[in-house]
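Below, each chain spelled out in residue letters.
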Amino acid sequence: MNEVEEKFGQIYFAVLGAMALVFGVAELIASAGEGFTWGILDSSGAADPMFLPWRAIILISVGFFYLGSVKNFAEIHQLAKAVMGSIMIWIVAGMAIWSRIAGSIPGEETWFNSLEGFLASYAPPYCPEMFLLPFSLVIVYYILKEKEAEK
Amino acid sequence: MRNAKSKMKNGKLASKTITIVTLLVLLALSAAVISVDAHMPGAKAPPAFELSPIVITDAGAEVEITIEDVGNYHNERMIEFKRNMLKKQNKTDEEIGKIIEEEFAGVTGICPCSSCAFRAALLGISELWGDEIPERADIKFISRRPTPGATQCLQYITGTGPKVPDVTSKGELQLILPDGTEVTDLSVKNLKKYMVDMDLSTWNFVIIRKSTGDEFEVQVKEGVHPEGFFELRKKVKVEKMATPEEIDEFRTQWEAVRDAFLTQPDWELFEGVEEPEEEEPDVVGGAIFFSILVIGLGLLLVLYLRGKAR
């Protein structure tokens, strides 16, 4: 990992960590009440109200992991923190995506959903983890870089 | 002589028989009229329905009022009224008990008037208070309907009626007829005087949030009552000239109106309430996300296979 890549990683994961932390705190506050839906962002916990506080704790942890990895980012232990944060996002977002896939197949009163119903079940709003998912994939680049360096 | 005497005897017997039969018929008819006037004996039980309760606070304590509570209260008040009426007719306690048992057997007190007033109150409160829980003392109703069912329902909610449980602070209830007459004596006996010509204009209630002065008027829509309902009601309940067939027909209409207030949505029952628009499913948004998901998974698969090939 060169200096530019390290600098970029530091700024990138600092911003991502701050975002995760903000989302986490917002979800934690939302879980105390009835949640909220803001545009395409959903923290209502309508689908899984019991899981909402856990999601909030996970997001706050992700935020701390990312922010904690920023200093001396190229160091393997620091990078591992960012990897941990990303994996946590992948698990939660993966579950959210999986629940959408599973829910999109059966119809309300029929065995299988209509095409319209199937596509509509992937429509917004989405939970914060799903928004963070594509941004968290950047860590794969750094993992591959680390692997190359090892070789 | 003997023939003349026996003819006289037969004549007396016949006139006695006619008198007794006439009296019995009159008694049966009067009983039928009284019972129809008080409630609707023989009416079928309402269908399955789901009505949310009215939630208010009374001096800080939360009170939940269901349609069943209102029905029971209305029933108790009508039984009390009937009991007092029979006492004045010098009936014994045993006779009174028997009459009440027969007349009120299976009666729930959920009639068209009480259910309409309950729905109107439910709608008005949700319009004026939204998600807030109103304080009982902040609620005021103006009713145009001088029936015991509607009046006692609103008395129960405002806590202004006799023997309403859990009342610390009272709301307000005014009965102002469509012609502007204000009725202050809300006893069943007095209300009966005004229950003569009751058309659609009496199916009207105004709900007021006293602290802000905001008002919401609830008017029952034309068509909720079957055709000829008001005329038939007058014939059965006021003029008391209805034939048994007409009483049966009125009973069916009465059930239909009650069932409508228990089962139909607000926009079907009341003027000015718009049916909420059904949200169109966001197929485009869903299709975009699904495409991204498929492309992303495809890329992951390609990368994995490439890595394996190396």
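The structure displayed is predicted, hence computed values, not measured ones.

Definitions and limits used
- Residues numbered from 1 in each chain as written.
- Chains lettered and ligands numbered in written order.
- Predicted model: local features only at pLDDT ≥ 70, side-chain atom pairs only at ≥ 80, totals over all residues.
- Helix = DSSP H or I, 4+ residues; strand = E, 2+ residues; numbered from the N terminus.
- Buried ≥ 20, exposed ≤ 12 C-beta atoms within 10 Å, placed from the backbone.
- Contact = placed C-beta atoms within 7 Å.
- pLDDT = per-residue confidence, 0-100.
- Pairing = 2+ DSSP bridges.
- Axes fitted to C-alpha atoms, helices over the stretch in contact; angles between N-to-C directions.
- Parallel < 35°, antiparallel > 145°, perpendicular 65-115°, else oblique.
- Left-handed = near helix turned anticlockwise from the far one by under 90°.
- Core = buried A, V, L, I, M, F, W, Y, C linked by C-beta atoms within 7 Å.

## So, the overall build of chain B
Thinking step 1. When helices and strands are tallied, chain B shows ten helices and seven strands.
Thinking step 2. The buried share of chain B, taken over its 310 residues, is 27%.
Thinking step 3. Counting contacts in chain B only where the partners sit at least 6 residues apart, residues at least 24 apart contribute 70% of the total.

## Thoughts on the overall build of chain A
Thinking step 1. Scanning chain A for helices and strands turns up six helices and two strands.
Thinking step 2. In chain A, the succession of helices and strands from N to C terminus is α-β-β-α-α-α-α-α.
Thinking step 3. For chain A, the proportion of its 151 residues judged to be buried stands at 32%.
Thinking step 4. In chain A, once contacts between residues fewer than 6 apart in sequence are set aside, the share between residues at least 24 apart is 67%.

## A few points about the confidence of the model for chain B
Thinking step 1. Of all residues in chain B, 87% attain a pLDDT of 70 or more, and the chain-wide mean is 87.
Thinking step 2. Here the complex is predicted with pTM 0.63, and the ipTM for its interfaces comes to 0.84.

## Things to note about the environment of B:Leu122
All names here are of chain B.
Thinking step 1. Among the secondary structure elements, Leu 122 is positioned in helix α4 (residues 112-129).
Thinking step 2. Overall, Leu 122 belongs to the buried group, with 21 C-beta atoms counted inside 10 Å.
Thinking step 3. Placed 85 residues apart in sequence, Leu 122 and Ile 207 show a C-alpha to C-alpha distance of 9.7 Å.

## Let's talk about the environment of A:Pro49
All names here are of chain A.
Thinking step 1. Counting through the fold element by element, Pro 49 comes out in the loop between β2 (41-43) and α2 (52-69).
Thinking step 2. The exposed category is assigned to Pro 49, around which 12 C-beta atoms lie within 10 Å.
Thinking step 3. As a C-alpha pair, Pro 49 and Ser 31 span 18 residues in sequence and 7.7 Å in three-dimensional space.

## Section: the sheet that holds strand β7 (residues 214-219) of chain B
All names here are of chain B.
Thinking step 1. What the five strands build is an open sheet, ordered β5-β4-β3-β6-β7; its pairing is mixed. Since the sheet does not close on itself, it has two edges, and those belong to β5 (182-183) and β7, each with one partner.
Thinking step 2. Here six bridges tie strand β6 (residues 204-209) to β7, and the two strands are oriented antiparallel to one another. Bridging across to β7, Arg 209 finds its partner in Asp 214.
Thinking step 3. Along the sheet face, α4 touches β3 (139-143), β6 and β7 and points at about 35° away from the line of β6.
Thinking step 4. Seen against the sheet, helix α5 (residues 148-158) touches β3 and β4 (172-176) and runs at an angle of roughly 170° to β3.

## Points about unusual backbone geometry
Thinking step 1. In the segment running from A:Pro124 into A:Pro125, the intervening peptide bond is cis, with an omega of 10°.
Thinking step 2. Within the secondary structure, A:Pro125 is located in the loop between α4 (115-120) and α5 (128-136).
Thinking step 3. The phi torsion at B:Ala59 lies on the positive side, around 50°, for a residue other than glycine.
Thinking step 4. Assignment of secondary structure puts B:Ala59 in the loop between β1 (54-58) and β2 (61-65).
Thinking step 5. For B:Ala59, a count of 12 C-beta atoms within 10 Å translates into the label exposed.
Thinking step 6. Even without being a glycine, B:Lys163 presents a positive backbone phi close to 60°.

## Some details on the packing of α2(A) against helix α3 (residues 76-104) of chain A
All names here are of chain A.
Thinking step 1. Two elements in contact, α2 and α3, have axes whose closest approach is 8 Å; the angle formed by their N-to-C orientations is 155°. When the interaxial angle is binned, α2 and α3 end up roughly antiparallel. The two elements α2 and α3 meet at a crossing, and its hand is left-handed. Residues Arg 55, Ile 58, Ser 61, Val 62, Phe 65, Tyr 66, Gly 68 and Ser 69 of α2 pack against Gln 78, Leu 79, Lys 81, Ala 82, Met 84, Gly 85, Met 88, Ile 89 and Val 92 of α3.

## Regarding the pairing of β6(B)
Residue and element names in this part refer to chain B.
Thinking step 1. Among the six residues in β6, five count as buried, and that is most of the element.
Thinking step 2. Relative to β6, β3 runs antiparallel, the two being bridged by five bridges. Paired with Ser 143 across the two strands is Phe 205, which belongs to β6.
Thinking step 3. Taking the residues between adjacent antiparallel strands as the criterion, β6 and β7 are bridged by four residues, where Gly 213 takes a positive phi near 85°.

## Focus: the nonpolar core
Residues and elements named next belong to chain B.
Thinking step 1. Cys 116, Ala 117, Ala 121, Cys 153, Leu 154 and Ile 157 are the most contacted members of the largest nonpolar core, which has 42 residues in total.
Thinking step 2. Those elements that provide at least two residues to this core are β1, β2, α2 (67-88), α4, β3, α5, β6 and α8 (244-263).
Thinking step 3. Counting residues per element, this core draws most heavily on α4, which supplies eight residues.
Thinking step 4. Not counting chain neighbours up to four residues away, the residues in contact with Ala 117 comprise Ala 150, Cys 153, Leu 154 and Phe 205.

## Brief notes about the environment of B:Thr168
Residue and element names in this part refer to chain B.
Thinking step 1. Position of Thr 168 relative to the elements: it lies in the loop between α5 and β4.
Thinking step 2. Taking the number of C-beta atoms within 10 Å as the measure of exposure, Thr 168 has 13 and is therefore partly exposed.
Thinking step 3. Considering only alpha carbons, one finds Thr 168 and Asp 58, 110 residues apart in sequence, at a separation of 6.2 Å.
Thinking step 4. Ignoring anything within four residues of it in the chain, the contact list for Thr 168 reads Asp 58 and Ala 59.

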